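Listed below, chain by chain, are the residues.
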Amino acid sequence: MILTGLFDVMTRLIRVPEDGGATFWMPPQGSTIAGEVDWLFNFILGISVVFFVLIVAVMMVFVVKYRRREGRETASPSPSNNTLLEITWMAISIMLVVIIFFFGFKSYLNISTPPANAYEIQVAGQKWDWSFTYPNGYVDQDLHVPADRPVELVMTSVDVIHSFYVPAFRVKMDVVPGRFTKTWFEATMPGEYDIFCAEYCGTGHSDMSAMVIVHTSGEFGPWLEKASNFLLTMTPEEGGRKLYEIRGCQQCHSVDGGPRTGPTFFKMFGKEETLADGSIITVDEAYIRESVLEPNAKVVAGFEPVMPTYQGRLRDDEIAALTAYMRSLDGKMGEE
Amino acid sequence: MAEGHSAVVTPMSEGASGDNYLTTGKGVLSWLFTLDHKRISVMYMVAILSSFLFGGMFALLVRTEMLTPGATIMTADTFNKMFTLHGVVMIFLFIIPGIPAALGNFVLPLMLGAKDVALPRLNLLGFWCWLTGATVCMVSIVVGAVDTGWTFYAPYSTTTGTAVVSMTLGALILGFSSILTGLNFIVTIHTMRPEGMTWFKMPLFVWSLYSTAIIQVLATPVLGITLLLLIAERTLGVGIFDPALGGDPVLYQHFFWFYSHPAVYIMILPAMGIISELVSVFSGKHIFGYKFIAWSSVAIAVFSFLGWGHHMFTSGQSPLVNVIFSALVFGVAIPSSLMVFNWLATMYKGAISLAAPMLYVLAFLFLFSIGGLTGLFLGALSTNIHLHDTYFAVAHFHYLMFGGTVIAFLGGIHYWWPKMFGRMYSEFWARISAALIFVGFNLTFFTLFVMGSHGMPRRYYNYLEVFKPYQQASTVGSYLLGLGFMIMAYYLAQSLLKGEKAPENPWGGASLEWETASPPISRNFEHEMIGLDPYDINALELSSDSGSYIRKDPSSILLTQAGGE
């Protein structure tokens, strides 16, 4: 009775719903490998539950049955070793871990080997945001991918170690400065999934998140086309604002005067600023351009020299659009 | 060596006049410069439990911050410093020295029937190293708290603007304390065993301390080298780990885990030794499978050196290396599961007493099983990729380190407390506190498994709204834990002040530490001992008038030709 009840609870806890939705233990399954990983997770969970219940049940039975009490002050005679039992127990343990190792190894081969026809996206991690560069040079803050097509990520970091983690895809790979690391996945369901940074990287570590947006395979091409050409279709101010949002500026620079890691852009253009060495400069096009390309050359007093360079990562027309956006933040225009 | 002893050996009349190691010699200096292993052990105990208090308060602050997403009581930077301090204090100041230096130091020579450890001056030097290292760490906390996490991963640790250099210097000095303790124990076990005590007649706690000592001596220098390289990089700008200087950050991880993977067995092995002692005594029965447990502890020490790469499956190291390490790291599961089997078998047909130390044994079996089994998820490659650096790993680690080591440490404290201080404690409050700790612990950390497998990364200040109920349950659990420890502090303090006087052997243990007064005299034993089977529980019986277990044949334990010395 108790056993069947327990079995019932167990199956409910380790059941994987048909639709790939979230379970008690696991997030939804969003990639081709998620099913395999979850299968192994549940397999180990099953073994663990059986052994845990066995250990605790035996322990409880012994405690109740052999409890020291009136009439049972001393132990009953029983052997203090049994090599056959020990060897049997060892053999069972070895067998189980070999099986677990084998399944882990088997699915790991699939996880670590991208298919040859994968669509390649470059990933850069930096304190504390992500940027994803598409084959045509377009850069986005979120990762847009087509469903049902393998996507390979080639990743590196600008500063310290980060780790690219999408729980729904069961994919994680460190993003290491001075190295390129790779991972891949094939998304199965259109939708939006969280990207986390899993390797501790300082103040903004827990806010270093982004989304994976999975498009149906027909929608992805048109989306990329439209997204890539936004500077052509928008005013410089609007384009600059989009760049501000997607290229990582907003992690450290506010546009409402509020304090962040770097100076606010609000009413910054044309302002006189005191630098760390005491000299005074005026914020103009030249200073902004220099600060984007060589951020730590002239740091405003009171701020740390922590901004990574955008040399080679922002084109001239993009810097111009950003400058136009900063100029527009003069407090005179209504907030959009 | 003999001279080392003479400094603390007191006249023969000591035992008769009721003096013991606590009362022989007065004043602070008689403690700070003592060569008596028992006094050094008590100083370690005070120091280590103070560290535990600090580490625990940092943990409670971290848990309180996690009550809500975003800011609750502190900024992100403060939070990062808090979990770093929690980790550094708990790992380097508390749990690595914990059982060997505080309990092992006291019990090991007594278990060998010896007057002291083989190298008492080295023992004192080890304590001073600990104090110096701990002071350096505390100073770095005051002048500029470190925010790297206890792992000090480069290049974050080589570039952050906090006091990493002094903190790592502190950890380096603490490492020397650990090496000295290990070295001393190895020499002691090789040279100071009494007549009759062959290797396979040593108590299993001694076996576990021996295995631990081997790891301490062989692995800790690598940590020292790593931390020195880190300091060299930060102060001299030598490119070793930071790619900006031409270094390799993954190299740091190899170095770090080459020490820190064995280090988790420095933490757990002595705990396993305590459980072996306790489960036999409180089952009133000989330990089951003595040789298998003894060899298992050695096997764990060997395997501990082969598993470091399993912390790095997502680091970018080659998939082939990952596969090899995954295979190797499973090796440690075999001796560990064998121990659990033998502990259970020891209880079979026993006369199980549920005194406080045994409650900790039961809690240990429950929690250690969960900790060990969840290790299977992290050893397997594909599940590791998903679970690495999430709360799942944090929960697994705490189930082994707290549910395993700390619980066994508490069991050991409750077991040897009457011997150490000659006083009993309130059994009633001990049970209440053990129950609170058990419930609080599970509430705090089981919730972390569920969050972790859902993808909640560790060391996160902010988190998704869906995790809020789990986070809050966990925080409530941590408060229960804190309450359990407050009760423990209360009844142990009360025991010291006005506890009932403890008999020589309140539990019926057959190992040699129970053959002397509680608390022991300075030179430990009145007579020279011989080593008999330390688990021959049947050789003792409860004496109804003294409340102490005594040997049915009192002369059996004495070395006959030198009986009266």
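Considering the overall build of chain B
Summing up its helical and strand segments, chain B has 17 helices and 2 strands in all. In terms of C-alpha radius of gyration, chain B reaches 23 Å, essentially the compact-globule figure of 24 Å for 565 residues. Projected onto its principal axes, the C-alpha coordinates of chain B cover approximately 70 × 50 × 45 Å. Per-residue burial over chain B gives 61% buried out of 565 residues. Excluding contacts between residues fewer than 6 apart, the proportion of contacts in chain B whose partners are at least 24 apart in sequence is 84%.

Thoughts on the overall build of chain A
When its secondary structure is counted, chain A shows 8 helices and 12 strands. Relative to the 2.2 N^0.38 estimate, which gives 20 Å for 336 residues, the radius of gyration of chain A is 28 Å and therefore markedly larger than a compact globule would have. Counting only C-alpha atoms, chain A reaches 95 × 50 × 40 Å along its principal axes. Evaluated residue by residue, chain A yields a buried proportion of 32% over its 336 residues. Counted over contacts in chain A with a minimum sequence separation of 6, partners at least 24 positions apart contribute 63%.

Some points on the domain arrangement of chain A
Its domain assignment divides chain A into domain 1 (2-16 + 25-62 + 86-112), domain 2 (120-228) and domain 3 (235-328). Computed from C-alpha atoms alone, the centre-to-centre distance between domain 1 of chain A and domain 3 of chain A is 53 Å.

Points about the interface of chain A and chain B
A common measure of how large an interface is: the accessible area buried when the components associate. Taken together, the contacts link 67 residues of chain A with 70 residues of chain B. Contributions of two or more residues to the side of chain A that touches chain B are made by helix 2 (34-65), helix 3 (83-112), strand 6 (162-166) and strand 7 (171-175) of chain A. Among the residues making up the side of chain A that touches chain B, the classes are represented as 38 nonpolar, 17 polar and 12 charged.

Quick notes on helix 6 (residues 236-246) of chain A
Residue and element names in this part refer to chain A. Buried within helix 6 are the following residues: Gly239, Gly240, Arg241 and Leu243. Against helix 5 (230-233) and helix 8 (316-328) lie the buried residues of helix 6. With its phi angle positive at about 100 degrees, Gly248 sits one or two positions after the end of helix 6.

Side note on the environment of Asp77 of chain B
Mapped onto the fold, Asp77 of chain B is located in helix 4 (residues 76-111). Residues Asp77 of chain B and Asp389 of chain B lie 312 residues apart in sequence; the distance between their C-alpha atoms is 20 Å. If sequence neighbours within four positions are ignored, Asp77 of chain B has contacts with Thr203 of chain A together with Asp147 of chain B.

Regarding the packing of helix 5 (residues 120-144) of chain B against helix 7 (residues 164-191) of chain B
All names here are of chain B. Contact geometry for helix 5 and helix 7: axes closest at 8 Å, N-to-C directions at 165 degrees. On the basis of the axis angle, helix 5 is roughly antiparallel to helix 7. As helix 5 runs across helix 7, the sense of the crossing is left-handed. Across the contact of helix 5 with helix 7, the residue classes break down as 15 nonpolar, 10 polar and no charged.

Describing the sheet that holds strand 9 (residues 191-197) of chain A
All names here are of chain A. Spatially, 4-10-9-6-7 is the arrangement adopted by the 5 strands of the open sheet, whose pairing is mixed. Two strands bound the open sheet, and with one partner strand each, they are strand 4 (143-146) and strand 7. With strand direction ignored, the average angle separating the axes of adjacent strands in the sheet is 25 degrees. As defined by bridge partners, strand 4 adjoins strand 10 (residues 210-215) across 4 bridges and the pair is classed as parallel. Bridge pairing in strand 10 links Pro146 to His215.

Side note on the packing of helix 3 (residues 37-65) of chain B against helix 4 of chain B
Residues and elements named next belong to chain B. In contact at an axis separation of 7 Å, helix 3 and helix 4 are set at 155 degrees when each is read in the N-to-C sense. Here helix 3 is positioned roughly antiparallel relative to helix 4, judged by the angle of their axes. At the point where helix 3 passes helix 4, the crossing takes the left-handed sense. For the contact of helix 3 with helix 4, a count of residues per class yields 23 nonpolar, 7 polar and 2 charged.

Looking at the sheet that holds strand 3 (residues 139-140) of chain A
Residues and elements named next belong to chain A. Overall, mixed pairing links the 5 strands, which are arranged 3-2-1-5-8 in an open sheet. Strands at the two margins of the open sheet, each flanked by one partner only, are strand 3 and strand 8 (181-186). Pairing of strand 2 (residues 129-133) with strand 3 involves 2 bridges; the strand directions are antiparallel. Looking at strand 3, one finds that Thr133 is bridged to Val139.

Some points on the pairing of strand 9 of chain A
Taken together, the 2 bridges between strand 6 of chain A and strand 9 of chain A define a ladder with antiparallel strand orientation. Across the sheet, Tyr165 of chain A pairs through a bridge with Phe196 of chain A, a residue of strand 9 of chain A.

Regarding unusual backbone geometry
With the exception of glycine, most residues fall at negative phi, and the peptide bonds are largely trans. The peptide bond linking Ala154 of chain B to Pro155 of chain B adopts the cis configuration, its omega dihedral lying at 0 degrees. With respect to the helices, strands and loops of the structure, Pro155 of chain B is situated in the loop between helix 5 and helix 6 (156-159). With an omega of -10 degrees, the peptide bond between Ser518 of chain B and Pro519 of chain B qualifies as cis. Inspection of the secondary structure puts Pro519 of chain B in the loop between helix 17 (468-498) and strand 1 (540-542). Here Lys267 of chain A, not a glycine, exhibits a phi torsion of approximately 55 degrees, which is positive. Note that Lys267 of chain A resides in the loop between helix 6 and strand 11 (272-274). For Asp389 of chain B, which is not glycine, the phi torsion reads 60 degrees and is therefore positive. Mapped onto the secondary structure, Asp389 of chain B falls in the loop between helix 14 (381-387) and helix 15 (391-421). Judged by the 22 C-beta atoms lying within 10 Å of it, Asp389 of chain B falls in the buried class.

Regarding the confidence of the model for chain B
Residue and element names in this part refer to chain B. For chain B, mean pLDDT is 91; residues scoring 70 or higher make up 95% of the total. Confidence drops under pLDDT 50 across residues 1-16; counting only partners more than four residues distant or on other chains, this segment forms 24 contacts. In the predicted complex, the global pTM is 0.87; the interface-specific ipTM is 0.91.

Regarding the pairing of strand 7 of chain A
A regular strand places its side chains on the two faces of the sheet in alternate fashion. Residues and elements named next belong to chain A. Among the 5 residues in strand 7, 5 count as buried, and that is most of the element. Bridge count for strand 6 against strand 7 is 5 bridges, and the pairing is antiparallel. For Tyr165, the partnering residue across the bridge sits in strand 7 and is Lys172. Counting the residues that bridge the hairpin from strand 6 to strand 7 gives 4 residues, and of these Arg170 lies at a positive phi of roughly 60 degrees.

A closer look at the nonpolar core
Residues Ile275, Tyr360, Val361, Ala363, Phe364 and Leu365 of chain B are the most contacted members of the largest nonpolar core, which totals 246 residues. The leading source of residues in this core is helix 4 of chain B, at 23 residues. When near neighbours in sequence (up to four residues on either side) are disregarded, Ala363 of chain B contacts Ile407, Ala434 and Phe438 of chain B. Leu243, Phe269, Ala321 and Tyr325 of chain A belong to the second largest nonpolar core, which has 10 residues in total.

Calculation notes
- Residues numbered from 1 in each chain as written.
- Chains lettered and ligands numbered in written order.
- Predicted model: local features only at pLDDT ≥ 70, side-chain atom pairs only at ≥ 80, totals over all residues.
- Helix = DSSP H or I, 4+ residues; strand = E, 2+ residues; numbered from the N terminus.
- Rg over C-alpha atoms; globule rule 2.2 N^0.38 Å.
- Buried ≥ 20, exposed ≤ 12 C-beta atoms within 10 Å, placed from the backbone.
- Contact = placed C-beta atoms within 7 Å.
- Domains from an automatic or database assignment.
- Nonpolar A, V, L, I, M, F, W, Y, C, P; charged D, E, K, R; others polar.
- Axes fitted to C-alpha atoms, helices over the stretch in contact; angles between N-to-C directions.
- Parallel < 35°, antiparallel > 145°, perpendicular 65-115°, else oblique.
- Left-handed = near helix turned anticlockwise from the far one by under 90°.
- Pairing = 2+ DSSP bridges.
- pLDDT = per-residue confidence, 0-100.
- Core = buried A, V, L, I, M, F, W, Y, C linked by C-beta atoms within 7 Å.

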